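Descriptive analysis of the structure
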Amino acid sequence: SPAAAAKAGDVERLWGAPAGTRLFCWCILREGTYEQDILRAQLNNNAGIFACDDYQTFSERAFALGPGVETFGIGALTSTRGGTGPLATSSWVNSDAFLRAWAVVRSSGRYAAADWVVKVDPDTVLIPSVLRDHLVSRGLNGPVNLYLPNCAGVRDGFYGSIEAMSAQAAARFFDNIDRCKQTLPYAGWGEDLFTQRCMDSIGVGHQPDYDLVADGNCPGVAPACAPGKPAFHPFKTEAAWMTCWHQAGGARAAAAAPATGVQALRGVASATTAPSPLPAGKHQFPFQYARAQHQNGGQGWLGNINFMSFHRL
């Protein structure tokens, strides 16, 4: 639409990232949880999605995440654990909430000035400057109609910790979401599977990228926070997230990178102080937290943990 094109044009004039590597990043967070703590830390340190060229955040209701940044309210973020059917997820059935967020991303038009659209979970440590270099190294900084599966050895490897698709692929996805909702049996699926299957069904290509993220949810992968990868997952406390970010070189990258896009308008300073590093391999994952709580007479095992989100575990 003309309005969407105008919005996209406004953003494009602000962006300074090299052509082919401009990033529009977004995520959903639950207000009043560790997810809000992590996103606020990212904002305060010009880190994660806030180091992308443009970004949006979503929650149940609109609220101020920090100076100049307000989340967009999309209604209830309810979900259930585990679906039904042959392709059902064993994690969170969360497609409806994400479809509402995708609808806002589409209607805002802001993504159209980007080359890549990147959805991440709040507990994903994203380093956009590394992602830009990564795209260039793979020859993906030109016009492409692709999404990037990120987990090897599984049937559907487009894991939701980081969902990267080209702007062309995103536009095609948006144009066909309603058809996919009518034709795909997605009731028991996670949002990442819906997105992947929808794009597959409409002719969006894919290029496996198993160096995109060190995701502890991907079989055989340890989320070691060594420099070189664009993303790491999962880190479900502010301290663990920030520690991984520093260990992976995020602070150095943020200090070295010039402010672009909405970063320049916000004028957020880079981080200067690193938290005490966690021992290698000792990041606190959900099952570790649950076991400790259970042993201390707190919440029960995984099904009863009070901080579980609707994101993939």
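Model, not experiment: these values are computed from the prediction. (Residues numbered from 1 in each chain as written. Predicted model: local features only at pLDDT ≥ 70, side-chain atom pairs only at ≥ 80, totals over all residues. Heavy atoms only, no water.)

Considerations on the packing of aromatic side chains
Taken as a whole and assessed by the stated rule, the structure comprises twelve aromatic pairs. Geometrically, the ring pair formed by Phe173 and Phe174 is tilted, given 6.0 Å between the ring centres and 40° between the ring planes. Under the relative-accessibility criterion, Phe174 is labelled buried at 2%. Taken together, the ring pairs in this structure connect Trp26, Phe58, Phe72, Phe98, Trp102, Tyr111, Phe173 and Phe174 into an aromatic cluster. (Phe/Tyr/Trp six-rings, centres within 6.5 Å; stacked < 30°, edge-to-face > 60°. Buried < 20%, exposed > 50% of the residue type's maximum accessible area, 1.4 Å probe, protein only.)

Let's talk about the pattern of salt bridges
Under the counting rule described, the total for this entry stands at 13 salt bridges. Salt-bridge contacts for Glu191 lead to Lys119; the nearest nitrogen and oxygen are separated by 3.0 Å. Pair noted here: Glu191 is in helix α6 (residues 191-201) and Lys119 is in strand β8 (residues 116-120), with a separation of 72 residues, a long-range link. Neither residue differs from the other here; Glu191 and Lys119 are each classed as buried. (Salt bridge = Lys/Arg side-chain N within 4 Å of Asp/Glu carboxyl O. Helix = DSSP H or I, 4+ residues; strand = E, 2+ residues; numbered from the N terminus.)

Description of the state of the cysteines
All told, the structure shown has four disulfides when counted by the stated rule. Note that Cys151 is cross-linked by a disulfide to Cys218, the S-S spacing being 2.0 Å. Taking the torsion about the S-S bond as the criterion, the Cys151 to Cys218 disulfide, at about 95°, is right-handed. Of the two residues, Cys151 is situated in the loop between β10 (146-147) and β11 (162-166) and Cys218 in the loop between β13 (213-215) and β14 (231-233); the sequence distance between them amounts to 67 residues. (Disulfide = S-S within 2.5 Å.)

Quick look at helix α7 (residues 238-247)
Across the ten residues of α7, seven count as buried, placing the element largely inside the fold. Looking at α7, one finds that the buried residues are Ala240, Trp241, Met242, Thr243, Cys244, Trp245 and His246. Of the residues flanking the end of α7, it is Gly249, one or two places downstream, whose phi is positive at about 90°.

Details of the pairing of β11
Counting buried positions along β11 gives five out of five residues, so the element sits mostly inside the fold. Burial along β11 is two-sided: the residues Ile162, Ala164 and Ser166 and Glu163 and Met165 are all buried. Pairing of β8 with β11 involves five bridges; the strand directions are antiparallel. Residue pairing across strands places Val117 opposite Met165, the latter belonging to β11. (Pairing = 2+ DSSP bridges.)

Concerning the environment of Arg106
Tracing the chain through its elements places Arg106 in helix α3 (residues 95-108). Arg106 sits in the partly exposed class, given a relative accessible area of 39%. Spatially, the C-alpha atoms of Arg106 and Asp175 are 9.2 Å apart, while their sequence positions differ by 69 residues. Filtering out sequence-adjacent residues up to four positions away, Arg106 remains in contact with Tyr111, Phe174 and Asp175. (Contact = heavy atoms within 4.5 Å.)

Some details on the nonpolar core
One finds Trp26, Trp102 and Phe194 to be the most contacted residues of the largest nonpolar core, which totals 34 residues. Elements with a minimum of two residues in this core: β1 (23-28), α3, α5 (167-183) and α6. The dominant element in this core, judged by the number of residues it contributes, is α3, at seven residues. Here Trp26 is in contact with Gln56, Phe58, Phe98, Ala101, Trp102, Val105, Val117, Val118, Lys119 and Val120, once residues within four sequence places are set aside. Formed by 28 residues, the second largest nonpolar core is a distinct cluster that contains Leu29, Leu39, Leu43 and Cys52. (Core = buried A, V, L, I, M, F, W, Y, C linked by side-chain atoms within 4.5 Å.)

With respect to the sheet that holds β14
Ordered in space as β9-β14-β13, the three strands form an open sheet in which the pairing is mixed. Strands at the two margins of the open sheet, each flanked by one partner only, are β9 (125-126) and β13. Inspection of the sheet shows β13 paired to β14 by three bridges, in the parallel sense. The residue bridging Ala214 from the neighbouring strand is Phe232, located in β14.

Details of the confidence of the model for the chain
Looking at the chain, pLDDT values average 80 and 72% of them are 70 or higher. Low confidence marks residues 81-92, where pLDDT is under 50. Its contacts with residues over four positions away, or in another chain, come to 37 contacts. Below a pLDDT of 50 lies the segment residues 268-313, which in the model reaches 98 contacts outside its immediate sequence neighbourhood of four places, other chains included. (pLDDT = per-residue confidence, 0-100.)

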